[in-house]
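# Summary of structural features
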Amino acid sequence: IRPQIGSAYVEDEEAATYRMVFQAMGFTANSGREGMGNHWYQCPEGHIYVIGDCGGAMEQSRCPECGAHIGGARHQVTSGNAVASQFLEIAQNRRPADAGAARADQ
C-alpha cells in the first residue's frame, strides 16, 4: 500500500522527491507542524505548494500544474486549499494517516 495525497497515490520515487524538496529548503524531520508545517499547502487538485515568510496566505495566485486558485488573504487560504498534512508525513518519513487504507483496485 502506497502513501496517498488527495486521490493520487504517491509512488516511492515521488515520496523520495518530497523528502529531498523538504530537506533542500532547510527543513528537518523535527520542523514539521510545530516549525514549518503550516507553510505547506495543497490546491483543490492535490498539488503541493509552499508559502514563505510566516506561512500565512497573503496573496492569491494560480497553481502552475492545474490553474486552480492558490494562496489567499489575511492568513486564510482560498476555499479548497488545505495544509498538506500527508505531504509532511511523507517528507518526514512518518506514516500518513490513511496509509493503511486499501486501494479500490487492489
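Residues numbered from 1 in each chain as written. Predicted model: local features only at pLDDT ≥ 70, side-chain atom pairs only at ≥ 80, totals over all residues. Heavy atoms only, no water.

## Looking at the pairing of strand β6 (residues 69–73)
- The sheet contact formed by strand β5 (residues 60–62) and β6 spans three bridges and is antiparallel. Bridge assignment links Arg62 to a residue of β6, and that residue is His69.
- Hairpin connection, β5 to β6: the antiparallel pair is bridged by six residues, and Gly67 has positive phi, about 85°.
- Relative to strand β7 (residues 76–77), β6 runs antiparallel, the two being bridged by two bridges. Bridged to Ala73 within β7 is Gln76.
- Where β6 hands over to β7, the hairpin turn is made up of two residues, of which Arg74 adopts a positive phi near 50°. (Pairing = 2+ DSSP bridges. Helix = DSSP H or I, 4+ residues; strand = E, 2+ residues; numbered from the N terminus.)

## Regarding the environment of Asn81
- The residue Asn81 is located in the loop between β7 and β8 (82–83) in this model.
- Remark: the alpha-carbon pair of Asn81 and Glu45, spanning 36 residues in sequence, is separated by 8.7 Å.
- Filtering out sequence-adjacent residues up to four positions away, Asn81 remains in contact with Gln42, Cys43, Pro44, Tyr49, His69, Ile70 and Gly71. (Contact = heavy atoms within 4.5 Å.)

## Digging into the side chain of Asn81
- According to the relative accessible area criterion, Asn81 is buried, its value standing at 9%.
- A polar contact is formed between the side chain of Asn81 and the backbone oxygen of His69, at a distance of 3.1 Å. (Buried < 20%, exposed > 50% of the residue type's maximum accessible area, 1.4 Å probe, protein only. Polar contact = N/O pair within 3.5 Å; in protein donor to acceptor, adjacent residues only side chain to side chain.)

## Points about the sheet that holds β5
- Across the sheet, three strands lie side by side as β5-β6-β7; this open sheet has antiparallel pairing. Either end of the sheet is taken by a strand with one partner, and the two such strands are β5 and β7.

## Topic: unusual backbone geometry
- Positive phi, close to 50°, is recorded for Arg74, a residue that is not glycine.
- Tracing the backbone through its elements, the reader meets Arg74 in the loop between β6 and β7.
- Under the relative-accessibility criterion, Arg74 is labelled exposed at 70%.
- One non-glycine residue, His75, lies in the positive phi region at around 65°.
- If you trace the backbone, His75 turns up in the loop between β6 and β7.
- The class for His75 is partly exposed, based on a relative accessible area of 46%.

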